[in-house]
Amino acid sequence: MSTITHWMNNAPFTGTGTGTAPVTNPATGQVTGEVALAGVEDARAVIDAAAAAFPAWRDTSLAKRTAILFNFRELLNARKGELARIITAEHGKVVSDALGEVSRGQEVVEFACGIPHLLKGGFTENASTKVDVYSVRQPLGVVGVISPFNFPAMVPMWFFPIAIATGNTVVLKPSEKDPSAALWIAALWAEAGLPDGVFNVLQGDKTAVDELLTNPKVKSVSFVGSTPIAQYVYSTGTAAGKRVQALGGAKNHAVILPDADLDLAADAMVNAGFGSAGERCMAISACVAVGPIADDLVAKIAERTTPLKIGDGTGDSDMGPLVTKAHRDKVASYIDAGEADGAKIVVDGRSVEADGGEQGFWLGPTLIDHVTPEMSVYTDEIFGPVLSVVRVETYDEALDLINTNPYGNGTAIFTNDGGAARRFQNEVQVGMVGINVPIPVPMAYYSFGGWKASLFGDSHAHGMDGVQFFTRQKAITSRWLDPSHGGIELGFPQNQ
């Protein structure tokens, strides 16, 4: 059985820690390897390597940094199929979903290739007599990235391309559930010419996380995961004097107005509710049907859900397994609870017959109608292929449902009324809004992040927020004596 190690100074690093965790193939339920869990000394060694590499990388020219980024981009484009297969083997999502994940992450790499333009500062000549003032943005130092299991390539790529481009060194702590993608990416950086110590991988659990949050050599932490852990990361990291951007959980609603194209809306609900087995923070989990359309909408969603093929992600499947047996059982328990609370199970994924191993972590797409706001299937972030339909009579009821929810990550509205859409985008208290777009993940040159309990910290991921997060501004005031000046004057400028 293979052991998945850390990565330090452009090479695998075994470390001295003795703890390990199993890595499974969710389609078969079989343990395929074990991942090293860092002890404190391992974590400090990796952080120290990143700290030692920082001064030279900080002073590397933008031209050289950009050339390495372009090399990485080209290598990833040519070999992204390899990475997709690694993701499928450990996460379970179908290969087409994994390829889509890599492509969305690649957008941030491409954005970071433009870093010379993004780092341009301001300059004011003669702010005072013969005094110039200008600003520059400089890197922070060692930055930590703590990423979740559901997007082992894309989520880290929200952060590390910009961090590296702006002159920082990176320690990535991937999920122990699917750790191999991070090592593959690390090896690709080495092949692209990135110097030793600039990109490092620290495998582990809470021990590794806590060291990143408290070690004084780490200047910032970027996190994506559940809201309780995001709160912990934010409070612990900021107490230690670090910059922290902690993206938390979600309960994303899609509002379907009576004038909407119901075929378009039904297609969108299937894709947004069941894609990647619902294991994504931008999945639509609450479909809010407004007015008399609910019966037709539910029928159309059910019609599209029933034929979906569930099976091994490497085969001809529409949806793969869930990431672990424990998570599969937890998601299924919410379906049980919804049924017990009186909701109607329209499509039941608990008895799915999947094209995969008998011990795989299977749960089919599940559509639940007549869900009410007090049910746990509505209140909780389920993070699985469960789509709840909530029926309301008016737009105002739908808006209130979203705005009173503690989460504020993403939302969508389906309508052919431009005025209604414009009002919604103005009134809804959510960070990312789609209009006839079910999963409004912005392009890399905009920033990703929610409101309320979906984000802790002021900075969103990538875009200009990312550039500002991974740099700090320095203002410089300068005066140079004219060469014809006969003496030295050290006082302040005087008003003549």
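Per an unreviewed UniProt entry, the protein goes by methylmalonate-semialdehyde dehydrogenase (CoA acylating) and derives from [Mycobacterium] manitobense.

Student: Explanation requested: the overall build of the protein in the structure shown.
Tutor: Along the backbone of the protein there are 15 helices and 23 strands. Its C-alpha atoms put the protein at 90 × 60 × 40 Å along the principal axes. Counting over 496 residues, the protein shows a buried share of 56%. Across the protein, every contact between residues at least 6 apart in sequence was considered, and the portion connecting residues at least 24 apart equals 72%. In the form shown here, the protein has an accessible surface area of approximately 20,200 Å², with 52% of it arising from carbon and sulfur atoms. Computed over 37 positive and 54 negative side-chain charges, the inter-centroid distance for the protein is 9 Å.

Student: Is there a simple way to explain unusual backbone geometry in this structure?
Tutor: Trans peptide bonds make up most of the peptide bonds, and negative phi angles are found at most residues other than glycine. With a phi angle near 55°, A277 is a residue other than glycine that sits in the positive phi range. In this structure, A277 sits in the loop between α9 (262-274) and β14 (284-290). Judged by its relative accessible area of 3%, A277 falls in the buried class. Here H462, not a glycine, exhibits a phi torsion of approximately 45°, which is positive.

Student: I tried to follow helix α7 (residues 206-214) on my own but got confused; where do I start?
Tutor: For the α-helix, the turn length of 3.6 residues means that residues three or four positions removed from each other point alike. Those residues of α7 lying buried are A208, V209, D210, E211, L212 and L213. Among the structural elements, α1 (40-58), β8 (142-146), β9 (169-173), β11 (218-224) and α8 (227-239) are those in contact with the buried residues of α7.

Student: Explain the side chain of H460 here, please?
Tutor: You can see H460 is positioned in the loop between β22 (455-456) and α15 (463-469). Using a relative accessible area of 15% as the deciding quantity, one classes H460 as buried. Those residues within four positions of H460 in sequence are excluded, and the remaining contacts are Q245, S447, F448, G449, G450, L455, D465 and G466.

Student: Sorry if this is basic, but what is going on with the confidence of the model for the protein here?
Tutor: Detailed conclusions should not be drawn from predicted coordinates in areas where pLDDT is low. Taken as a whole, the protein shows an average pLDDT of 96; of its residues, 97% reach a score of 70 or greater. The secondary structure element of the protein with the lowest average pLDDT is strand β1 (residues 2-4), at 90, and the one with the highest is β9, at 99.

Student: Please clarify how the sheet that holds strand β15 (residues 344-347) should be interpreted in this entry.
Tutor: Backbone hydrogen bonds are what pair the strands of a sheet, in a parallel or an antiparallel way. Reading across from one edge, β15-β16-β17-β14-β13-β19-β20 is the order of the seven strands in this open sheet, with mixed pairing throughout. Two strands bound the open sheet, and with one partner strand each, they are β15 and β20 (432-435). Averaged over all neighbouring strand pairs, the angle between strand axes comes to 20°, with direction disregarded. Where β14 meets strand β17 (residues 386-392), five bridges bridge the pair, whose relative direction is parallel.

Student: Whenever I open this one, the packing of aromatic side chains confuses me. Can you help?
Tutor: Two aromatic rings are characterised by how far apart their centres lie and by the angle between their planes. Scanning the model with the defined rule gives 12 aromatic pairs in all. A centroid spacing of 6.0 Å and a plane angle of 75° characterise the contact between F160 and W189, whose relative ring orientation is edge-to-face. Of this pair, F160 sits in helix α5 (residues 154-165) while W189 sits in helix α6 (residues 180-192), and the two are 29 residues apart along the sequence. When the ring of W189 is compared with that of F199, the centres are 6.4 Å apart and the planes differ by 40°; the resulting orientation is tilted. In this pair, W189 sits in helix α6 while F199 sits in strand β10 (residues 199-201), placing the two residues 10 residues apart along the sequence. As far as burial versus exposure is concerned, W189 and F199 are alike and both buried. Linked through ring pairs, F72, F160, W189 and F199 together constitute an aromatic cluster.

About the criteria used
Residues numbered from 1 in each chain as written. Predicted model: local features only at pLDDT ≥ 70, side-chain atom pairs only at ≥ 80, totals over all residues. Heavy atoms only, no water. Helix = DSSP H or I, 4+ residues; strand = E, 2+ residues; numbered from the N terminus. Buried < 20%, exposed > 50% of the residue type's maximum accessible area, 1.4 Å probe, protein only. Contact = heavy atoms within 4.5 Å. Areas by Shrake-Rupley, 256 points an atom, 1.4 Å probe, with all protein chains shown as cover. Lys, Arg positive; Asp, Glu negative; His and termini not counted. Charge placed at Lys NZ, Arg CZ, Asp CG, Glu CD. pLDDT = per-residue confidence, 0-100. Pairing = 2+ DSSP bridges. Axes fitted to C-alpha atoms, helices over the stretch in contact; angles between N-to-C directions. Phe/Tyr/Trp six-rings, centres within 6.5 Å; stacked < 30°, edge-to-face > 60°.

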